[in-house]
Amino acid sequence: MDSIQDDVYAPKPELHDCHVHMVLDGVDWKAAIARHKQQPDESYIRKVLESYAQAGAVYVREGGDKYGAGWLARNIAREYGIEYASPVFPIYQKGNYGGFIGRSFQTIEEYERLVDEVYDRGGDYVKVMLSGIMDFDNYGTITGYTLPRQMVFSMIDYAHSKGLAVMAHVNGARAIQDAVEGGVDSVEHGYFSDEESREALANSDTIWVPTFSPISNCIGIGKYPDDVLKKIEADQTEAVRAVANMGGKIASGSDAGAGDVLHVKAAEDEYSYMKRALGDICDSVITRGLDEIRGRFASRAQ
Ligand SMILES: [Zn+2]
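To keep things clear, this report deals only with the structure shown in the data block. (Residues numbered from 1 in each chain as written. Predicted model: local features only at pLDDT ≥ 70, side-chain atom pairs only at ≥ 80, totals over all residues. Heavy atoms only, no water.)

1. As for the sheet that holds strand E3 (residues 83-85)
To keep things clear, this is the line we draw: Pairing between two strands requires that DSSP report at least two bridges joining them. Helix and strand labels come from DSSP, where a helix needs a run of H or I of at least four residues and a strand needs a run of E of at least two; each type is numbered from the N terminus. An axis is simply a line fitted to the C-alpha atoms; with a helix, the fit covers only the stretch in contact. Between two such axes, the angle follows the N-to-C directions and lies from 0 to 180 degrees.
Read across the sheet, three strands follow the order E1-E2-E3 without closing on themselves; strand pairing throughout is parallel. The sheet is open, and its two borders are formed by strand E1 (16-20) and E3, each paired with just one other strand. Averaged over all pairs of adjacent strands, the angle between strand axes in this sheet comes to 10°, irrespective of strand direction. Pairing between E1 and strand E2 (residues 59-62): three bridges, direction parallel.

Below, the structure is given as structure tokens:
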């Protein structure tokens, strides 16, 4: 039922996606990477940008890749009328999650040299992996490990000292809390939070991008156990409601490129998942989230 209340809230924001991976296609990650391995496939990337433009996308933010696919997209996206922001490549600790797409470090000094490279190349911000990902087969399990709190603090501080914002891939209550308390600019995914980490998020300047799509898109397709996916989705829904109700900053990003998360379509899907979680306040929450993200993660492409 349409109600007068609809007018009280912000209108539906223009199409945007605060978390994508240009190098991936949502279908087959190995084949997708092979497409760009020798050099980024410019005509393919142009087609993807063209479809974002046709759908009316105004802003796209991505996680970067060591093959340069996302960076190429970032440098030509203005031709399509899209602001597209990229960290060049994501940074992960050797032995942890991120090897298929990122550049690795072992010591904090090695990390700092990678951030220097992002800075020198004109990257729009730094993307770091601070934990693994959700295990879709086992509820509550996260692959990889969580970086030590002190290292997380040092990593964020160094990027900030170069004037670069930090987009952090983080799952698990402790990892989320460490990142937030270290002053991270955005928490990506943020699955398996608890009450304390939600409060920390809500009371901070950190923007949360909860990425429902990689979980919600897989429900009912038979690839993973639905009971696990539904439980993860229900937890994330509850967390998003709680953080929004406490006044936290939340933005819409789909993880487009991840398994069964298709570019462009995912931006619409993610919006519908956010709407389902937040109801009437969805549009005002994600409009504010988008403004915050665009303020801190602007593309500096000419
Ligand atoms: Zn991602």
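Resuming the write-up.
2. A few points about the packing of aromatic side chains
Definition in use: Whether two aromatic rings pair depends on their centres lying within 6.5 Å, for rings of Phe, Tyr and Trp, where Trp uses its six-membered ring; planes under 30 degrees apart make the pair stacked, over 60 edge-to-face, and the rest tilted. Only protein chains enter the area calculation, which uses a 1.4 Å probe; residues under 20% of their type maximum are buried, those over 50% are exposed, and those in between are partly exposed. For a ring to carry a charge above it, either NZ of a lysine or CZ of an arginine must fall within 6 Å of the ring centroid while also lying within 35 degrees of the normal to the ring plane.
Scanning the entire structure with this criterion turns up five aromatic pairs. With a centroid separation of 5.5 Å and an interplanar angle of 70°, the aromatic rings of Trp29 and Phe100 are classed as edge-to-face. Here Trp29, found in helix H2 (residues 29-37), pairs with Phe100, found in the loop between strand E4 (90-93) and strand E5 (103-105); they are 71 residues apart in sequence, far enough to count as distant. On the basis of relative accessibility, which here comes to 47%, the residue Trp29 falls in the partly exposed class. When the centroid spacing of 5.8 Å and the interplanar angle of 85° are considered together, the rings of Tyr139 and Phe192 count as edge-to-face. Here Tyr139 is found in the loop between strand E6 (126-129) and helix H6 (149-161), whereas its partner Phe192 is found in the loop between strand E8 (186-189) and helix H8 (195-202), with 53 residues between them in sequence. When its relative accessible area of 16% is taken as the criterion, Phe192 is described as buried. The ring centre of Tyr44 lies 3.9 Å from the NZ or CZ of Arg35, which sits over that ring. Of note, Lys162 hangs over the ring of Tyr119, and the distance from its end group to the ring centre comes to 4.6 Å.

3. A word on the coordination of the zinc ion
To keep things clear, this is the line we draw: In this analysis a donor is any N, O or S atom within 2.8 Å of a metal ion (3.2 Å for sodium, potassium and calcium), and since water is not included, sites may seem incomplete.
Taken together, the protein donors to the zinc ion comprise His19 (NE2), His21 (NE2) and Asp255 (OD), at separations of 2.0 to 2.1 Å. One chain supplies every donor to the zinc ion, and in sequence these donors are spaced H-x1-H-x233-D. One end of the pair, His21, is in the loop between E1 and H2; the other, Asp255, is in the loop between strand E10 (249-250) and helix H11 (265-278), and 234 residues separate them in sequence.

4. Some thoughts on the layout of surface pockets
What counts, and what does not: Cavity: a set of points on a 1 Å grid over the protein atoms alone where a 1.4 Å probe fits but cannot get out. Pocket: an open set with protein on both sides within 12 Å along at least five of seven lines, its lining residues, like those of a cavity, having an atom within 4 Å of a point. Grid points are joined across faces, edges and corners, and a volume is the space filled by probe spheres set on the points. Ten residues, namely Ala, Val, Leu, Ile, Met, Phe, Trp, Tyr, Cys and Pro, are considered nonpolar, four, namely Asp, Glu, Lys and Arg, are considered charged, and the remaining ones, Gly among them, are considered polar.
Taken as a whole, the largest pocket holds about 640 Å³ of empty space. In this structure, the largest pocket is lined by 30 residues; those nearest its centre are Tyr97, Phe100, Ile133, Ala258 and Gly259. Class assignment for the residues of the lining of the largest pocket results in 14 nonpolar, nine polar and seven charged.

5. Concerning the packing of helix H7 (residues 173-181) against H8
Geometrically, a packed helix pair is captured by the angle between its two axes and the distance between the axes. Selection rule: Oblique is the label for any angle not covered by the other classes, which are roughly parallel (under 35 degrees), roughly antiparallel (over 145) and roughly perpendicular (65 to 115). Handedness of a helix crossing follows the sense of rotation of the near helix relative to the far helix, less than a right angle counterclockwise being left-handed and clockwise being right-handed. Only heavy atoms enter the contact rule, under which two residues are in contact if any of them lie within 4.5 Å.
Running from N to C, H7 and H8 cross one another at 25°; their axes reach a closest spacing of 9 Å. Overall, the two elements H7 and H8 adopt an arrangement that is roughly parallel. For the element pair H7 and H8, the recorded crossing hand is left-handed. Here Ala173, Ile176, Gln177 and Val180 of H7 come into contact with H8, specifically with Glu196, Ser197, Ala200 and Leu201. Taken together, the residues that form the contact of H7 with H8 break down as five nonpolar, two polar and one charged.

6. Description of the sheet that holds E8
The parallel open sheet is built from seven strands, whose spatial order is E5-E4-E6-E7-E8-E9-E10. Here the strands that pair on one side only, and so sit at the sheet edges, are E5 and E10. Strand contacts of H6: E4, E5, E6 and strand E7 (166-170), with the helix running at about 155° to E7, the strand carrying the most contacts. The sheet contacts of helix H10 (residues 226-245) involve E8, strand E9 (207-209) and E10, and relative to E9 the element is tilted by about 160°.

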